[in-house]
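Residue-level listing of the chains:
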Amino acid sequence: MKDTLLPIQADSISKQVPVAAGTLQILRDIDLAVKPAETLAVVGASGSGKSTLLGLLAGLDSPSSGRIRLAGHDITAMDEDQRAAVRAAHVGFVFQSFQLLPNLTALENTGLPLEILGAADARERAADILDRVGLAERTGHYPRQLSGGEQQRVALARAFVTRPDILFADEPTGNLDSENGRRIADLLFSLNAEHGTTLVLVTHDGRLAGRCGRRVNMAAGQLFDH
Amino acid sequence: MPISRLLALAPRLLWREWRSGELTILLLALVVAIGSHTAIGHFTDRISRSMEINAHHVIGGDLVLAGSRPFDPGIRAQAASLGLEIAQTARFVSVVTSGDELLLVAVKSVDDGYPLKGRLRVTQELYGEEEVADQGPPAGEAWVESRVLHALGIGAGDSLQVGESDLVVTRVLTYEPDRGNNFYSFNPRVMMHASDLDASGIIQPGSRVWYRDMFAGPPEAVESFRGWLEPTLEPGERILALGEDRPEVSEALDKARQYTGLASLVALLLAAVAIANSGRHYSERHYDTSALLRCLGCSQNDILAIYLFQLLVLALAGGILGNLAGWLAQSGLLAALGDLLPGNIPGLGFQPVLSGMFLGFVVLLGFTLPSILRLRAVSPQRVLRKDLAPLPLSARLVYGLTVLLVTGLMWMYTGNVTLTVGIVAGSALVLLIAGGAIAGLFGLLARLLPRVPVVIRAGVRNFLRRRREAVAQTMAFGLTIMAMLVVVMLRTELISTWEETIPEDAPNHFVLNIQQHETGPWDDFMRAHALPADPLYPVVRGRLIRVNGAPVTEHVSKEDRNDESINRELNLTWSADIPADNELTDGRWWPDTSTDERMVSVEAELAERLGISTGDELTFFTGDRNWSARVTSLRTVKWDNFNPNFYMIFNPGAMDDLPTTWVGSFYLDSAQKKILVDMMRAFPSITVLEMDAILNQVKTIIGQVVLAVESILLFVLLAGFVVTLSAIQTSMNERLQEGALVRTLGAGRRLLRINQWSEFASMGFLAGLIGVMGSELVIALLYRRVFELDYQPTWWAWLMVPPLAALLIGIAGTWSSRRILARPPITILREAGA
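Fair warning: this is a prediction, and the values are worked out from it, not measured in the lab.

Chemist: Please provide a residue-by-residue account of the overall build of chain B, values included.
Modeler: The helix and strand inventory of chain B stands at 25 helices and 22 strands. Within chain B, the proportion of its 834 residues that are buried is 53%. Within chain B, contacts between residues at least 6 apart in sequence are counted, and of these 81% link residues at least 24 apart. Total accessible area computed for chain B in this model is approximately 36200 Å², and 58% of it derives from carbon and sulfur atoms.

So this is what it looks like as structure tokens:
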């Protein structure tokens, strides 16, 4: 398969950060390719570097060395603003801490990525997808008026509303109880299947990882195939 | 992001922010800043234009040219070509006759243009109903003061002779707007038309005449005329300014202008502190939003553009609302003051509106831009790692920008370099000292902690733990208190100074020429009419003729040869004590009381003009002989105190052998005016000067000034309130979470309340100390350098302000933190999580 068709391709990427005692090697020499519509779980203990990897793959940060292609773009050759444009066009996110804006209603939070893209029908599409995640009755509620599970469902709706090619999820069930966690996972995978989205999921929850098509382990800044 | 998309997104985000109440305090601070600016701007603009109009009545024109020879006709031609209105008067002392009676009077001839500013007031008969007159007497008529009628024993309709002219007295003159302040040189006024002057044949070569040409017109024309006129002035000709003629009015105006400038500046600065506070708080609350927006595809510039847009809309809204509030406030003020203000208040100026809008942008952008720039720098990675805060901007940049902005604003406001530098340097000094002092106090407090009562120990520890934030907040409160104290203290001092200038029952009538044998009957008369009698002062008339043996005209410079003080008789008096508000500038007050040498104390400015110093010998001419005295001291005189004041005061006994009359003053309200008729009958030789019209004019102006000053204080207090709110609000989220956590861990409400109390109260106490210290520093400087007042430490402030500040900030802080106690901790923690 040619590089350009792969949604994500990382070639020997490393990340170091300066610390008081010298430099800290967070990631070392990682190669990773993710195919279209593939679901990939990155598992590992806390501090193993999996969130850093996710940030690099999604273009939120730059590697110290190596090359990353995201949706066909060499994002390592881009500046932050160019990467932002790639994210806007191709990428969706789901976070452990939901990251809903407290002053926006569920509907407004969901529609925000469409507004950034300048979509005229942002409200309708946001309402549709909120209906799809079972929150049709809660569109006017603010995050503080929603339970944790409901907040994460709004976050899922926001992630899928732009029909992204690639979805990055960082511990999406980490802040939820097991029942709510299971429901969110169900929703995540069914939306993913409906939209044919490529999914990269970071978690230390083995069961969640088990629902992905492929699984890689992260330890001491290196990747190991499962 | 294309601009069109930004323009669609930014307003939506702004609306959502607004809905959440996040922007309320920011907008409130902005509205207070702009509101106070425009209210004060409109109010002082209108009042000072009106005061200036009234004040110019006092000298008779926008520009007045005075001299002792007729002016070159080219001057009037030039004024006319610039479109100025012109009036001409000539004043001289002459004798008028009616039947067998003779009277020395001050004649003033006026042309048809007179008066240019203000109006004359006259009555048809003695003490009749007053009416206003837009012009002086027509040809063939004379308007005279009541004294003339008393002295000549005539009434309205009778005639009198001025030189060879026969004039019919048609009106009694009660008020001349440009009369001036020269009480004692007054002979009673006879006003006639200029065309009768030549016919009277009274002015001959060598006659002593004071000419005044008055000009009025648009300010630019007046200024360009002044520019043309000044270089062409001949010796003995001068341009009159308000300050020379009516020092008390111009001084009050100047101080009021400086004060309103200072007060509105303080209101503005306080509001700016509030804006900066809220702006920083707003920005910190939006790190997550920025990170998320970046994550969702906004570039750094998009973020900057979104927040800049929000600021601009806020500035615009603040500008409009602030202008509206300012306009309402000044309309309210003017309506409330209706009776006190003259009827001729000019309309609203456009300048305060424009500068208010401009100010909104400058203040909001200037004080929040550093915070907004930090938002731009938030890393998108913050969505994954919450601890990633943007790097702080260079402190030098932020503080440099702020100091620059503040200094610029101050200068723009006050136009006074001393004031600006004084406040900036004062504040910097206060900040420096206060910073050091607080650090010291913190150290002390930390060491004393074990001895602090257990109940409040946690609160004090909390205060100490948040040291950096607490220092900043304490300083902000301290500066706020300082600024408010400065404004309050200055106001109190200025108003009491002005009110002392003209007490409610200040004498408004002066009486001259009471003979020695009449002093007893005079006291009886005053008692019989229940009038409070002020003491009488002895007066000897004498003309200063020689200084150290040389004729005085040779002693002075050519320009001063026409000084009125050496061309007329002076009123000389004696006194054992120096008058209460006179101050010695040189020499001693009666150094030796045992000798019978004649000694004199001379008014300092006159001494300077005439080149007189202590030790000089002055020779006077009285009646038929010359006599001399040695100058033993120079002193300043407050001419504006409405008491008899004297250029020359001699030691007791120095003038025992000279003919003496007595002068006095008394207060008479307008309903009692008819007493004057009885008075003139009982004491036919006395001269009564009616000063009530002039006094009322001055009182009105001072009253306006005081009210302006009072109302401005209101804005300062409002601004102070907003700062307090904003400062407390900025730390509220953290406090909420902490409080909730502590409650979850089992702390009771009582304990938490005591904690909050002791924390805010200790902050208030420290801030109070800083405020008092700073205000003392700034006030000492301002009093000496700007307002020319005597500085004395305000002990009450040291005692009262720190406890009061502790109480008020304690209440405000606890009230703002009531949410911590009012809501279940779990709700607060969950919201914090969301």
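There's more to say after this.
Chemist: Give me the lowdown on helix 4 (residues 122-132) of chain A, citing residues and values where you can.
Modeler: Residues and elements named next belong to chain A. Residues of helix 4 that are buried: Ala122, Ala126, Ile129 and Leu130. Projected down its long axis, helix 4 carries its buried residues within an arc of 105°, all on one side. Those residues of helix 4 that are buried lie in contact with helix 3 (106-117) and helix 5 (148-160).

Chemist: Can you explain the interface of chain A and chain B? Please cite residues and give values.
Modeler: Taken residue by residue, the interface counts 33 residues in chain A and 30 residues in chain B. Regarding the contact of chain A and chain B, the summed buried area is about 2800 Å², with carbon and sulfur atoms giving 58% of it. When the buried surface of chain A facing chain B is broken down by residue, A:Asn103, A:Glu115 and A:Ile116 rank first, second and third, together holding 22% of it. Along the contact surface separating chain A from chain B lie five salt bridges. The residue B:Arg16 makes a salt bridge to A:Glu108 at a minimum N-O spacing of 3.6 Å. Summed over the shared surface of chain A and chain B, the number is 13 residue pairs in polar contact (both at pLDDT 80 or more). Listing elements by their share of the side of chain A that touches chain B, those giving two or more residues are helix 1 (50-57), helix 2 (80-90), helix 3 and helix 5 of chain A. Its residues placed into classes, the side of chain A that touches chain B shows 17 nonpolar, seven polar and nine charged.

Chemist: Describe the environment of B:Pro652, naming the residues involved and giving the relevant values.
Modeler: Assignment of secondary structure puts B:Pro652 in the loop between strand 20 (648-650) and strand 21 (661-666). The contact partners of B:Pro652, leaving out residues within four places of it in the chain, are B:Trp574, B:Ser575, B:Ala576 and B:Trp590.

Chemist: Residues and numbers for helix 6 (residues 178-195) of chain A, please.
Modeler: Residue and element names in this part refer to chain A. In this model, helix 6 (18 residues) spans 25 Å end to end at C-alpha, consistent with the 26 Å of a helix rising 1.5 Å per residue. Looking only at helix 6, the buried set comprises Gly181, Ile184, Ala185, Leu187, Leu188, Phe189, Leu191 and Asn192. Packed against the buried residues of helix 6 are strand 3 (39-44), helix 4, helix 5, strand 7 (166-170), strand 8 (198-203) and helix 7 (206-210). Taking the backbone nitrogen of glutamate 179 as reference, a side-chain oxygen 3.1 Å away marks aspartate 177 as the first, capping residue of helix 6. One or two steps after helix 6, the chain reaches glycine 196, where phi turns positive at roughly 65°.

Chemist: So what's going on with the pattern of salt bridges? Residues and values would help.
Modeler: All names here are of chain B. Applying the stated criterion to the full structure yields 32 salt bridges over all chains. Taking the shortest distance from any N to any O, the salt bridge between arginine 119 and aspartate 134 comes out at 2.8 Å. With a gap of 15 residues between them, arginine 119 in the loop between strand 3 (101-110) and strand 4 (120-123) and aspartate 134 in the loop between strand 5 (130-133) and strand 6 (141-144) connect regions that are remote in the sequence. Here arginine 119 falls in the partly exposed class, since its relative accessible area comes to 44%.

Chemist: An account of the packing of aromatic side chains is requested, with residue identities and associated values reported.
Modeler: Under the definition given, this model contains 13 aromatic pairs over all chains. Seen from the ring of A:Tyr142, A:Arg144 lies directly overhead, with NZ or CZ sitting 5.2 Å from the centre.

Chemist: How would you sum up the packing of helix 5 of chain A against helix 6 of chain A? Please name residues and give values.
Modeler: All names here are of chain A. Across the interface, helix 5 lies against helix 6 with an axial gap of 10 Å and an inter-helix angle of 15°. What the angle tells us is that helix 5 and helix 6 run roughly parallel. Here the hand of the crossing between helix 5 and helix 6 comes out right-handed. Touching Gly149, Gln152, Arg153, Leu156 and Phe160 of helix 5 are Asn180, Ile184, Leu187, Leu188, Leu191, Asn192 and His195, all from helix 6. When grouped by side-chain class, the residues that make up the contact of helix 5 with helix 6 number six nonpolar, five polar and one charged.

Chemist: Give me the sheet that holds strand 3 of chain A: which residues, what numbers.
Modeler: Paired through backbone hydrogen bonds, the strands of a sheet run either parallel or antiparallel to each other. Residue and element names in this part refer to chain A. The strand order across the open sheet built from six strands is 6-7-8-3-9-10, with neighbouring strands paired in mixed fashion. Strands with a single pairing partner mark the edges of an open sheet, and in this sheet they are strand 6 (91-94) and strand 10 (222-225). For this sheet, the mean angle separating the axes of adjacent strands, direction not counted, is 20°. Sheet topology places strand 3 next to strand 8; five bridges connect them, and they run parallel.

Chemist: Can you explain the pairing of strand 17 (residues 599-603) of chain B? Please cite residues and give values.
Modeler: Residues and elements named next belong to chain B. Counting buried positions over the five residues of strand 17 gives five, a clear majority of the element. Where strand 17 lies against strand 20, three bridges are found, and the strand directions are antiparallel. In the sheet register, serine 601 faces strand 20, and the bridge partner there is isoleucine 649.

Chemist: Let's hear about the pairing of strand 3 of chain B: which residues, and what values?
Modeler: All names here are of chain B. Within strand 3, seven of the ten residues are buried, leaving the element largely enclosed by the surrounding structure. In this sheet, strand 3 lies alongside strand 2 (residues 85-98) in antiparallel orientation, the contact comprising ten bridges. Bridged to valine 93 within strand 3 is alanine 106. Linking strand 2 back to strand 3 in an antiparallel pair, the connection comprises two residues, with glycine 99 at a positive phi of about 60°. Where strand 3 lies against strand 9 (residues 189-193), five bridges are found, and the strand directions are parallel. Within the sheet, the bridge partner assigned to valine 107 lies in strand 9 and is valine 190.

Chemist: Report on a negative patch on the surface, specifying residues and quantitative values.
Modeler: All names here are of chain A. Residues Glu124, Asp128, Asp131 and Glu137 make up a contiguous surface patch of negative charge. With respect to the secondary-structure elements, aspartate 131 resides in helix 4. For aspartate 131, a relative accessible area of 48% corresponds to the partly exposed category.

Chemist: Provide a residue-level description of the sheet that holds strand 1 (residues 8-19) of chain A, including the pertinent values.
Modeler: All names here are of chain A. The strand order across the open sheet formed by four strands is 2-1-4-5, and the pairing between neighbours is antiparallel. In this open sheet, the two edge strands, each paired with only one partner strand, are strand 2 (22-34) and strand 5 (73-74). Both strand 1 and strand 4 (residues 65-70) contribute to a ladder of five bridges, which runs antiparallel. Following the sheet pairing, alanine 10 is matched in strand 4 by isoleucine 68.

Chemist: Got a sec to walk through a nonpolar patch on the surface? Specific residues and values, please.
Modeler: All names here are of chain B. A cluster of nonpolar residues, Trp757, Leu804, Leu807, Leu808 and Ile811, forms a patch on the protein surface that exposes about 450 Å² of accessible area. With four residues, the single largest contributor to the nonpolar patch is helix 23 (residues 795-816). One can find leucine 804 in helix 23.

Chemist: Please provide a residue-by-residue account of the side chain of B:Thr519, values included.
Modeler: Examined against the element boundaries, B:Thr519 turns out to sit in helix 16 (residues 519-528). Here B:Thr519 is in contact with B:Ile514, B:Leu536 and B:Trp662, once residues within four sequence places are set aside.

Chemist: Break down the side chain of B:Thr794 for me, with residues and values.
Modeler: All names here are of chain B. Mapped onto the secondary structure, threonine 794 falls in the loop between helix 22 (749-787) and helix 23. What makes threonine 794 buried here is its relative accessible area of 15%. The residues contacting threonine 794, other than those within four sequence positions of it, are Met489 and Glu776.

Chemist: Outline the nonpolar core, listing residues and values.
Modeler: Counting residues in each nonpolar core, the largest one holds 126 residues, and the members touching the most others are A:Leu112, A:Phe168 and B:Ile275. Take this core: its biggest share by element is 13 residues, from helix 8 (residues 247-285) of chain B. With sequence-adjacent residues up to four places away left out, A:Leu112 is seen in contact with A:Leu101, A:Leu104, B:Leu9, B:Leu13, B:Arg16, B:Leu292, B:Leu293 and B:Leu296.

Chemist: Now, about empty space enclosed by the protein: what can you tell me, with residues and values included?
Modeler: For the structure shown, the criterion picks out two cavities of 30 Å³ or more. When its volume is computed, the largest cavity comes out at roughly 70 Å³. Along the walls of the largest cavity sit A:Arg87, A:Ala88, A:Val91, A:Gly92, A:Phe93, A:Pro113, A:Arg158, A:Ala159, A:Thr162, B:Cys295 and B:Leu296, which together make up its complete lining. When contributions to the lining of the largest cavity are tallied by element, the ones reaching two or more residues are helix 2, strand 6 and helix 5 of chain A. A per-class count over the lining of the largest cavity returns seven nonpolar, two polar and two charged.

Chemist: Let's hear about the packing of helix 3 of chain A against helix 4 of chain A: which residues, and what values?
Modeler: Residue and element names in this part refer to chain A. Viewed as axis vectors pointing N to C, helix 3 and helix 4 meet at an angle of 125°, and their least axial separation amounts to 8 Å. By the angle between their axes, helix 3 is oblique relative to helix 4. Considering only the axes of helix 3 and helix 4, their crossing is right-handed. Residues Ala106, Leu107, Thr110, Gly111, Leu114 and Glu115 of helix 3 lie in contact with helix 4, whose contacting residues are Ala122, Arg123, Arg125, Ala126, Ala127, Ile129 and Leu130. Within the contact of helix 3 with helix 4, the residues separate by chemical class into eight nonpolar, two polar and three charged.

About the cut-offs
- Residues numbered from 1 in each chain as written.
- Chains lettered and ligands numbered in written order.
- Predicted model: local features only at pLDDT ≥ 70, side-chain atom pairs only at ≥ 80, totals over all residues.
- Heavy atoms only, no water.
- Helix = DSSP H or I, 4+ residues; strand = E, 2+ residues; numbered from the N terminus.
- Buried < 20%, exposed > 50% of the residue type's maximum accessible area, 1.4 Å probe, protein only.
- Contact = heavy atoms within 4.5 Å.
- Areas by Shrake-Rupley, 256 points an atom, 1.4 Å probe, with all protein chains shown as cover.
- Arc of directions from axis to C-beta.
- Buried area = accessible area lost by both parts, 1.4 Å probe.
- Salt bridge = Lys/Arg side-chain N within 4 Å of Asp/Glu carboxyl O.
- Polar contact = N/O pair within 3.5 Å; in protein donor to acceptor, adjacent residues only side chain to side chain.
- Nonpolar A, V, L, I, M, F, W, Y, C, P; charged D, E, K, R; others polar.
- Expected span 1.5 Å × (residues − 1).
- Phe/Tyr/Trp six-rings, centres within 6.5 Å; stacked < 30°, edge-to-face > 60°.
- Lys NZ or Arg CZ within 6 Å of the ring centre and 35° of its normal.
- Axes fitted to C-alpha atoms, helices over the stretch in contact; angles between N-to-C directions.
- Parallel < 35°, antiparallel > 145°, perpendicular 65-115°, else oblique.
- Left-handed = near helix turned anticlockwise from the far one by under 90°.
- Pairing = 2+ DSSP bridges.
- Patch = residues over 30% accessible without salt bridge, like charges linked within 9 Å, V, L, I, M, F, W, Y side chains within 5 Å.
- Lys, Arg positive; Asp, Glu negative; His and termini not counted.
- Charge placed at Lys NZ, Arg CZ, Asp CG, Glu CD.
- Core = buried A, V, L, I, M, F, W, Y, C linked by side-chain atoms within 4.5 Å.
- 1 Å grid on protein atoms, 1.4 Å probe; cavity = no way out; pocket = protein on both sides within 12 Å on 5 of 7 lines; lining within 4 Å.
- Points joined across faces, edges and corners; volume = space filled by probe spheres on them.

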